[in-house]
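Summary of the model geometry
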Amino acid sequence: APASSRQVVYGLVGSLALALVLVALTGMQMVTDVQQGGSVMGKELIIPEQQTTELKAVWHKLRNQAMDFYPDRIWLYAGKETALWGRGKQIGDLKALLRYGHYETQVMTFTSLDIAPVRAVCWDPHTHVIVFPPFEEYPDVHAIARTDLRHYVATGNNLVFLGGFATMGLMNDIFGFRLKAEVYQEGPFYRSPRYAPGTIFETLPERIGEIGQIYGTKIGSLPPGARSYYDTLGDSVVWSVRYGFGMLTYVGNNMQQAFEMGPWHKVLRASVAI
């Protein structure tokens, strides 16, 4: 009797295993039929095609001020890596340029990219714009200071960088961009009919000349969502991109030329007020 019971049990187990194998094979066949556009149980299967949606950046003003808005307070970096270091006249000239027509605006300087000075500037609740002039040497910015700069922009503020190869390298390092410098592109540079309308750049000159030292950025290397306001033949010399709730703005002129710079000066002031 015990032997007969074991035979029955073995038979049931064998039957169950066979059934499981058949089910698995049937499922594999159904999957194959689906992948090949076949049918199951006489019914045609309709496989929907993958749908993709093109993502486009939606542009909004940084703040809701009127078009004639200008900041009351600006921080200007004048550290040892820049052409402003120890040069009171050049610092005064750039301050005057930023305050032109807006004499109530304060322009204050800081001279170190160490953690404490950068944090003091970034945590200033009354300042929403920091301007970095061209760098003559690549700056050493501590990782904590880089985080503070990213947070400063992401919370609704504006960083303005003036042109230079080291400037683009620093923007790449801090913000994870892949900007590529245009070694040289002959001007003039034309206001973009696509991106300038409806912005503070709309009323600026239609073109700006090749005056001073200009460092353009290859348009194809701009970060996603960036807007080029002045460019020519794939070379952008004025552009902005949103970062969080704030803005990063690049002006490709080093602003050290003394004469015939009126249009470029207007562009810089517009970039500060964006």
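Residues numbered from 1 in each chain as written. Predicted model: local features only at pLDDT ≥ 70, side-chain atom pairs only at ≥ 80, totals over all residues. Heavy atoms only, no water.

1. Focus: the environment of Tyr138
- When you line up the elements, Tyr138 lands in the loop between strand E5 (129-132) and helix H4 (143-154).
- You can call Tyr138 partly exposed: its relative accessible area is 40%.
- Considered as a pair, Tyr138 and Thr167 are 29 residues apart in the sequence and their alpha carbons are 8.0 Å apart.
- A polar contact of 3.4 Å, which involves the side chain of Tyr138, links it to the backbone oxygen of Gly169. (Helix = DSSP H or I, 4+ residues; strand = E, 2+ residues; numbered from the N terminus. Buried < 20%, exposed > 50% of the residue type's maximum accessible area, 1.4 Å probe, protein only. Polar contact = N/O pair within 3.5 Å; in protein donor to acceptor, adjacent residues only side chain to side chain.)

2. What to know about the pairing of strand E4 (residues 106-110)
- Of the strand pairs in this sheet, strand E3 (residues 73-77) and E4 are connected by 5 bridges, and their pairing is parallel. Paired with Ile74 across the bridge in E4 is Val107.
- The parallel pair E3 and E4 is bridged by helix H2 (residues 88-99), and the resulting crossover is right-handed. (Pairing = 2+ DSSP bridges. Right-handed = clockwise from strand over helix to strand, strands pointing away.)

3. Section: the packing of H4 against helix H5 (residues 165-175)
- Axis separation between H4 and H5 bottoms out at 10 Å; the angle between their running directions is 85°. What the angle tells us is that H4 and H5 run roughly perpendicular. Between H4 and H5, the residues in contact are Arg146, Leu149, Arg150 and Val153 and Asp173, Ile174 and Phe175, respectively.
- The residue inventory of the contact of H4 with H5, partitioned by class, reads 4 nonpolar, no polar and 3 charged. (Axes fitted to C-alpha atoms, helices over the stretch in contact; angles between N-to-C directions. Parallel < 35°, antiparallel > 145°, perpendicular 65-115°, else oblique. Contact = heavy atoms within 4.5 Å. Nonpolar A, V, L, I, M, F, W, Y, C, P; charged D, E, K, R; others polar.)

4. Focus: the nonpolar core
- Ranked by internal contacts, the top residues of the largest apolar core, which has 36 residues, are Phe201, Tyr230, Val238, Trp264, Leu268 and Val272.
- Not counting chain neighbours up to four residues away, the residues in contact with Phe201 comprise Arg191, Ala196, Tyr229, Tyr230, Val238, Val267, Ala270, Ser271 and Ile274.
- Core analysis: the next-biggest nonpolar cluster, separate from the first, contains 33 residues, Val121, Ala145, Ala166 and Phe175 among them. (Core = buried A, V, L, I, M, F, W, Y, C linked by side-chain atoms within 4.5 Å.)

5. Remarks on the pattern of salt bridges
- Tallied over the full model, the rule gives 4 salt bridges.
- A salt bridge links Arg73 to Asp124; the shortest N-O distance between them is 3.7 Å. Pair noted here: Arg73 is in strand E3 and Asp124 is in the loop between helix H3 (115-122) and E5, with a separation of 51 residues, a long-range link.
- With a relative accessible area of 10%, Asp124 lands in the buried category.
- In this structure, Asp148 and Arg119 form a salt bridge, with 2.9 Å as the shortest nitrogen-oxygen distance. Linking Asp148 in helix H4 with Arg119 in helix H3, this pair joins segments that are 29 residues apart in sequence. (Salt bridge = Lys/Arg side-chain N within 4 Å of Asp/Glu carboxyl O.)

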